[in-house]
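Per-entry structural report
Below are the chains, spelled out letter by letter.
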Amino acid sequence: MKLNSPLQAYKYLPGDNCGKCGVPTCMAFASHLIERSLKLTDCTPILEDKHKAKFIELEELLAPEIHEVEIGVGERVVKIGGDDVLYRHKLTFFNQTALAYDVWDTMDEENLVDRVNRIKDFSKFYVGEFLKLDMITVRSVSDEPDKFADTVKKVLEASDLPLVLCSFNPKVLKAGLEVAMDRNPLIYAATRGNWQEVAKLAIEYDVPVTLFAPDDLDLLKSLTKTFTEMGIEKLVLDPGTFPSGKQLKTTFENFLKIRRAGIEGDRDIAFPLMAVPLTAWMMHDDPLSASYWETVLASLFTVRYGDIMLLHSIEPHSLLSELHIRDTIYTDPRKPVTVKPDVYEVGSPTADSPFFVTTNFALTYYTVESDLSSNGIDCYLMAVDTEGIGVEAAVAGGQLTAAKIKKGLEDADFVLKEDTSHNIIILPGLAARLQGDVEDETAAKVMIGPPDSGRIPGWMDEKWPLIK
Amino acid sequence: MTKKIKLSNLTDMFKGMDVEALEGVTIEGDIELDLSGGGVFDSTLAYSLGHEAAQIAVHLVNISRLLGYPVEQIFAGSMGTESAVQDVSAPTLLNDLLFSKFEVSNAEEWKHTIQEVTLGATSADGGTRKNTITIGGENALPYYFDSPMPHRNYVTMDVFDMPISMAKAVRTHYEDVMNDPAEWAKKNVREFDADMVTIHLISTDPLINDTPPKEAAKVVEDVLQAVDVPIVIGGSGNPEKDPEVLEKAAEVAEGERVLLASASLNLDYARIAEAANTYGHAVLSWTQLEINAQKELNRKLMKQCNVPRENIVMDPTTAALGYGLDYAYTNMERIRLAGLMGDEELSFPMSSGTTNAWGAREAWMTSSPLKQDSDWGPREYRGPIWEIVTGLSLSLAGNDLFMMMHPGSVQVLKEITQTLFGSIENKSIDINNWIGEI
């Protein structure tokens with residue numbers, strides 16, 4: 001965006017502090033606009049005719065540096081691009097990297113449907129949410145329009161995930177679009193050789209289109225300029241992902257260069273970037289090595305500016321690490337690191353229920369909490385104020401101590417002797433060394449839980465005396 | 001209102017028209033060609049309609065040319081398609097690429113150089129190492145085009161002074177050497193291509209074996225004998241015991257320029273710094289995911305303890321993928337950017353305890369403890385990639401030295417970091433037609 005301070009945005013707002021946007025003053029609303037935590041359309045008065053000129057002007061100034069592109073329709077729509085910064089701590093990154101896994105038109109129907117289902121259904125629970133895969137890539141290997149259309153049709157029947165249609169042959173792309181046009185797929189790709197025909201498809205079907213110019217930034221920018229000149233603005237740029245050696249080093253530099261130029265204001269190149277870690281399969285024959293290298297490339301381009309990614313391996317070791325590194329980079333760094341120190345109830349605890357201790361580091365707390373609740377364990381869970389540090393590090397660094405636990409009990413008004421029948425504190429296995437100190441400080445009995453809260457269910461069966 | 005006219009009327013209208021005759025002619029309103037009426041065309045009629053339409057097109061083109069419109073571009077662009085009538089408001093297809101040169105500037109704000117630190121000493125410098133390792137010296141973020149990295153990343157592999165519990169995928173590689181730190185160190189260098197080894201004196205913890213410092217120092221001597229690469233010496237993490245243990249270890253390693261791990265704010269860092277200064281070693285300045293604490297400790301090491309700048313390496317803490325890596329990553333990136341922009345309290349090379357990745361349950365657990373999860377697959381594939389992805393992301397944030405465990409992870413991390421560094425040649429791969437070639 002072109003504005004740096006709330007004051008600059010404030011000048012365009014009605015200024016009557018009506019509060020309709022949900023915050024009390026126009027100045028506060030202006031700060032939310034700069035932080036991109038509220039949208040300009042949340043201010044309903046500015047949408048009125050008398051403010052129209054200012055609205056249009058401000059909207060332009062607030063537009064993100066990198067264009068935003070939508071793929072798919074309805075609830076399944078995937079947005080990519082839309083970033084304003086080069087480093088996540090400067091604000092946050094928006095629209096997490098879309099992960100698109102491939103099927104191809106030479107697969108038999110049974111394998112095709114099975115693969116689509118595995119992509120569609122993969123799910124990993126994490127801090128209160130499910131991490132999931134976003135899209136399906138359909139690759140034309142046969143180069144036959146009918147075969148491609150047939151495959152696209154089967155994929156559409158099996159899943160409502162947004163699609164990337166992949167072929168360098170415009171006839172094949174057209175056949176796919178005929179089947180999938182209602183779903184706003186991304187087409188891949190316009191090249192030096194076919195760009196006119198692909199441009200025509202992008203216009204005719206009004207779909208987003210990828211421009212592919214392997215290691216040729218002048219060509220990539222020329223294609224971009226040519227397409228925007230023709231009125232085609234839903235663009236994704238693929239500067240080529242070379243999988244190894246000096247070529248990979250150059251690929252990495254190309255991503256850095258394009259994004260830096262875009263953020264610094266070169267509108268001609270400020271579009272979402274596509275990485276294709278799938279090319280790892282061109283250098284490795286052995287599937288395990290290929291899947292590892294593909295995940296390495298995926299991680300690399302998740303950290304540095306890939307907005308959408310085409311991938312092949314759907315083995316869990318690939319998917320889990322790709323989902324987690326994406327979450328790592330796109331988690332909003334402004335969100336709190338900690339939960340409020342307190343004694344929380346999980347399920348419906350009674351006086352016989354166990355009393356667990358963990359830290360107030362949000363990640364630790366939610367992990368333990370979900371391990372307990374998903375296994376139906378009714379209990380008390382105490383978040384000790386460790387200044388947002390996890391168990392092991394807090395024990396080493398002195399943020400998790402017997403005194404802190406005692407203080408936490410007092411602050412929460414929780415009296416073990418009265419509120420439980422057992423007067424037992426269960427410490428995390430990684431805090432075992434605090435056992436004696438905690439017994440001395442709190443006059444409670446102390447048991448040592450497992451080192452990982454995922455093992456609490458088994459531990460309960462074996463160790464917890466007041467069972468069931 | 002749209003005026004409807006028949007094709008033949010149009011033909012008549014334009015028949016015999018030449019350019020001169022159009023002087024002063026204006027075309028008002030939309031012209032709509034209604035071809036849908038009357039059901040299915042018969043082929044003769046379709047042909048004659050097509051013929052008439054083409055005739056009209058020729059005339060319309062002439063009019064467009066007359067009006068100065070670049071009509072050829074439309075024709076070149078739309079030849080060979082089935083699209084029948086060009087909507088007047090539709091985007092114009094271009095015939096030729098509009099050439100545009102890509103340009104980008106270097107990052108102006110990176111004006112400062114990260115401190116270089118050399119670990120290990122050869123006989124020329126009073127040590128017995130076969131080689132030394134230098135980290136730091138960057139003028140840009142890692143692998144950026146602004147300025148080449150002067151040194152590649154290095155990996156130091158862990159050795160413990162007693163058998164410890166570890167993930168099965170890791171343990172299988174060390175079962176034969178777990179009781180012998182010297183053999184363990186040798187295996188790391190000979191078989192697993194470790195650039196350095198780290199000897200962790202964990203048995204010195206009073207809550208473990210309470211091994212006396214003097215005895216622990218003997219293990220350090222054994223390791224120095226067994227391998228000729230530079231080494232890191234780690235304590236047990238017990239803040240009362242570590243200063244004493246590291247002091248003794250520093251003494252027996254005099255002249256070898258080891259890295260003492262670690263000085264931190266919660267122990268007697270001055271004593272560790274003193275040992276490093278006295279016996280000629282470097283110090284690892286360890287803080288917990290807090291950039292201001294890192295500044296404070298570095299400042300104290302420099303100003304209060306007189307540790308020379310070329311003897312300081314930082315460990316701002318590594319959290320595993322999925323377990324706080326977002327904080328660890330951004331903390332390191334902020335530290336490195338601050339250093340490049342001239343913050344002299346943060347412009348030191350960095351080290352990561354990448355081994356921490358093995359604490360993630362995804363790395364070691366047989367299967368997910370949560371019923372809602374999809375199948376996690378075999379853990380022996382999950383563990384190494386967890387360590388690799390954790391390390392790789394930190395290498396991009398500016399980390400120089402990696403403390404690691406799994407030989408497979410070490411190999412892949414070295415391959416990717418050295419590829420980005422620019423020292424790995426591979427045969428070129430043509431990706432122009434990748435879609436159908438996989």
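Relevant structure appears above.
Now for a look at the structure at hand. What you are looking at is a predicted structure, and each value in this text was computed from that prediction instead of being measured.

A few words now on the overall build of chain A. Helices and strands together make up the secondary structure of chain A, namely 17 helices and 17 strands. Considering chain A as a whole, with its 468 residues, one finds that 59% of them fall into the buried category. Residue pairs in contact within chain A that sit at least 24 positions apart in sequence constitute 63% of those at least 6 positions apart. Summed over its atoms, the accessible surface of chain A is roughly 17900 Å², and 47% of this surface lies on carbon and sulfur atoms.

So, about the overall build of chain B. A tally of regular secondary structure across chain B gives 13 helices and 12 strands. When the 438 residues of chain B are sorted by exposure, 54% land in the buried category. Put simply, of all contacts in chain B between residues at least 6 apart along the chain, 69% involve residues at least 24 apart. Total accessible area computed for chain B in this model is approximately 19900 Å², and 50% of it derives from carbon and sulfur atoms.

The full count for this structure, using the stated rule, is 46 salt bridges over all chains. Here Arg259(A) and Asp83(A) are joined by a salt bridge, their closest N and O atoms 4.0 Å apart. Taken as a pair, Arg259(A) in helix H9 (residues 245-263) and Asp83(A) in the loop between strand S2 (78-81) and strand S3 (98-104) lie far apart in primary sequence, 176 residues in all. With respect to class, Arg259(A) is no different from Asp83(A); both count as buried. One salt-bridge network, held together by shared partners, links Arg152(B), Asp193(B), Asp195(B) and Lys414(B).

Below, the discussion takes up the pairing of S3(A). All names here are of chain A. With 6 of its 7 residues buried, S3 lies for the most part within the structure. As judged from the 4 bridges shared by S3 and strand S12 (residues 308-311), these two strands associate in the parallel manner. Residue Tyr101 lies in a different strand from S12, and its bridge partner there is Leu311. Inspection of the sheet shows S3 paired to strand S6 (residues 135-139) by 5 bridges, in the parallel sense. Each bridged residue has a counterpart across the sheet, and for Ala100 the counterpart in S6 is Met135.

A few words now on the nonpolar core. Membership of the largest hydrophobic core comes to 191 residues, with the highest contact counts inside it found for Leu165(A), Phe227(A), Ile231(B) and Ile233(B). Core analysis: the second largest hydrophobic core is formed by 25 residues, Val69(A), Cys166(A), Tyr188(A) and Ile435(B) among them.

So, on to the packing of H9(A) against helix H10 (residues 287-303) of chain A. All names here are of chain A. Where H9 meets H10, the closest approach of the two axes is 11 Å, and the angle between their N-to-C directions is 25°. In terms of axis orientation, H9 runs roughly parallel to H10. Once H9 is placed against H10, the crossing between them reads as right-handed. Taking contact as the criterion, the partners of Leu248, Thr251, Phe252 and Phe255 in H9 are, on H10, Trp293, Leu297, Leu300 and Phe301. Within the contact of H9 with H10, the residues separate by chemical class into 7 nonpolar, 1 polar and no charged.

The next point concerns a negative patch on the surface. All names here are of chain A. A contiguous patch of negative charge, built from Asp437, Glu439, Asp440 and Glu441, is present on the exposed surface. The topology assignment puts Glu439 in helix H16 (residues 435-442). Overall, the relative accessible area of 31% leaves Glu439 in the partly exposed class.

This next bit is on the packing of aromatic side chains. Residues and elements named next belong to chain A. The full count for this structure, using the stated rule, is 20 aromatic pairs over all chains. Here the aromatic rings of Phe168 and Tyr188 are separated by 5.9 Å at their centres, their planes lie at 50°, and the arrangement is tilted. Within this pair, whereas Phe168 is found in the loop between strand S7 (163-166) and helix H6 (170-180), its partner Tyr188 is found in strand S8 (residues 186-190), the two being separated by 20 residues in sequence. Overall, the relative accessible area of 18% leaves Phe168 in the buried class. Tyr188 gets classed as buried once you look at its relative accessible area, which sits at 0%.

Residues and elements named next belong to chain A. Taking strand neighbours across the sheet as the criterion, the 8 strands line up as S10-S9-S8-S7-S6-S3-S12-S11 in an open arrangement whose pairing is parallel. Strands with a single pairing partner mark the edges of an open sheet, and in this sheet they are strand S10 (235-238) and strand S11 (274-275). Examined bridge by bridge, S8 and strand S9 (residues 209-212) share 3 bridges and lie parallel to one another. For Ile187, the partnering residue across the bridge sits in S9 and is Val209. Sheet strands in contact with H10 are S11 and S12, and its direction is about 175° off that of S12. Packed on one face of the sheet, helix H11 (residues 316-330) meets S3 and S12 and runs near 150° to S3.

Let us look at the pairing of S8(A). Residues and elements named next belong to chain A. For S8, the tally of buried residues reaches 5 of 5 residues, placing the bulk of the element in the interior. Bridge analysis of S7 against S8 gives 3 bridges, and the strand direction is parallel. If you follow Cys166 over to S8, its bridge partner there is Tyr188. Following the backbone out of S7, through H6 and into the adjacent parallel S8, one traces a crossover that is right-handed. Where the polypeptide runs from S8 across helix H7 (residues 195-205) and back to S9, its parallel neighbour, the crossover connection is right-handed.

Before going further, it helps to examine the interface of chain A and chain B. In this complex, chain A contributes 102 residues to the contact, which on the side of chain B involves 92 residues. Of the roughly 8600 Å² buried between chain A and chain B on both sides combined, carbon and sulfur atoms contribute 65%. Of all residues in chain A, Arg260(A), Met282(A) and Tyr292(A) give up the largest surface area on contact with chain B, accounting jointly for 8% of the area buried on that side. Inspection of the chain A/chain B interface yields 8 salt bridges. The closest approach of N and O atoms between Arg361(B) and Asp452(A), which form a salt bridge, is 2.7 Å. The interface formed by chain A and chain B holds 36 residue pairs in polar contact (both at pLDDT 80 or more) in total. Residue assignment for the side of chain A that touches chain B shows that the elements contributing at least two residues are strand S4 (123-126), H7, helix H8 (217-229), H9, H10, H11, helix H12 (362-374) and helix H13 (391-397) of chain A. If one sorts the elements of the side of chain A that touches chain B by residue count, H9(A) sits on top with 12 residues.

All names here are of chain A. For Thr302, the location among the structural elements is in helix H10. Judged by its relative accessible area of 3%, Thr302 is buried. Here the side chain of Thr302 touches Ala298 through a polar contact of 2.6 Å, landing on its backbone oxygen.

Along the chain, Pro277(A) falls in the loop between S11 and H10. Here Pro277(A) is in contact with Thr241(A), Glu294(A), Leu297(A), Ala298(A), Met309(A), Leu310(A) and Leu311(A), once residues within four sequence places are set aside.

Criteria and thresholds
Here the residue numbering is sequential within each chain, running from 1 through the sequence in written order. As they are written, the chains are lettered A onward and the ligands numbered 1 onward, keeping that order. At least 70 in pLDDT is required for a residue's local features to be given in this predicted model, at least 80 for side-chain atom pairs to be given and counted, and no such filter applies to totals for whole chains, interfaces and linings, which use all residues. For the side-chain quantities, the full set of heavy atoms in the structure was used; hydrogens and water were omitted. Numbering of helices and strands runs from the N terminus, with a helix taken as a DSSP run of H or I at least four residues long and a strand as a DSSP run of E at least two residues long. Three labels apply to residues, based on accessible area from a 1.4 Å probe with only protein chains included: buried if under 20% of the type maximum, exposed if over 50%, partly exposed otherwise in between. Only heavy atoms enter the contact rule, under which two residues are in contact if any of them lie within 4.5 Å. For the accessible areas, the method is Shrake-Rupley and the probe is 1.4 Å, while residue cover comes only from the protein chains on display. Here a salt bridge means any side-chain nitrogen of Lys or Arg lying within 4 Å of a carboxyl oxygen belonging to Asp or Glu. Two strands qualify as a pair provided DSSP detects at least 2 bridges between them. Joining through side-chain atoms within 4.5 Å is the link that ties buried Ala, Val, Leu, Ile, Met, Phe, Trp, Tyr and Cys residues into a set, and such a set is a nonpolar core. Axis geometry follows a simple rule: fit a line to the C-alpha atoms, using only the stretch in contact for helices, then measure angles between N-to-C directions, giving values from 0 to 180 degrees. Angle categories: roughly parallel below 35 degrees, roughly antiparallel above 145, roughly perpendicular from 65 to 115, and oblique for all the rest. When the near helix sits turned anticlockwise from the far one by under a right angle, the crossing is termed left-handed; a clockwise turn instead gives a right-handed crossing. When residue character is reported, Ala, Val, Leu, Ile, Met, Phe, Trp, Tyr, Cys and Pro are called nonpolar, Asp, Glu, Lys and Arg charged, and the others, Gly included, polar. Only residues whose relative accessible area exceeds 30% and that form no salt bridge are eligible for patches; like-charged ones are grouped when within 9 Å, while nonpolar side chains (Val, Leu, Ile, Met, Phe, Trp, Tyr) are grouped when within 5 Å. When charges are counted, Lys and Arg are positive and Asp and Glu negative, with His and the chain ends excluded. Taken as the charge location is NZ of Lys, CZ of Arg, CG of Asp or CD of Glu. Geometry of aromatic contacts follows a simple scheme: Phe, Tyr and Trp rings, the Trp one being its six-membered ring, pair when their centres are within 6.5 Å, and the pair is stacked under 30 degrees between planes, edge-to-face over 60, tilted otherwise. When the strands point away from the viewer, a crossover counts as right-handed if the route from the first strand across the helix to the second turns clockwise. Throughout, the accessible surface (probe 1.4 Å) given up by two parts as they are put together, summed over both, is called the buried area. Residues adjacent in sequence count toward polar contacts only when both atoms are side-chain atoms; beyond that, a polar contact is any pair of N or O atoms within 3.5 Å, and within protein one must be able to donate a hydrogen and the other to accept it.

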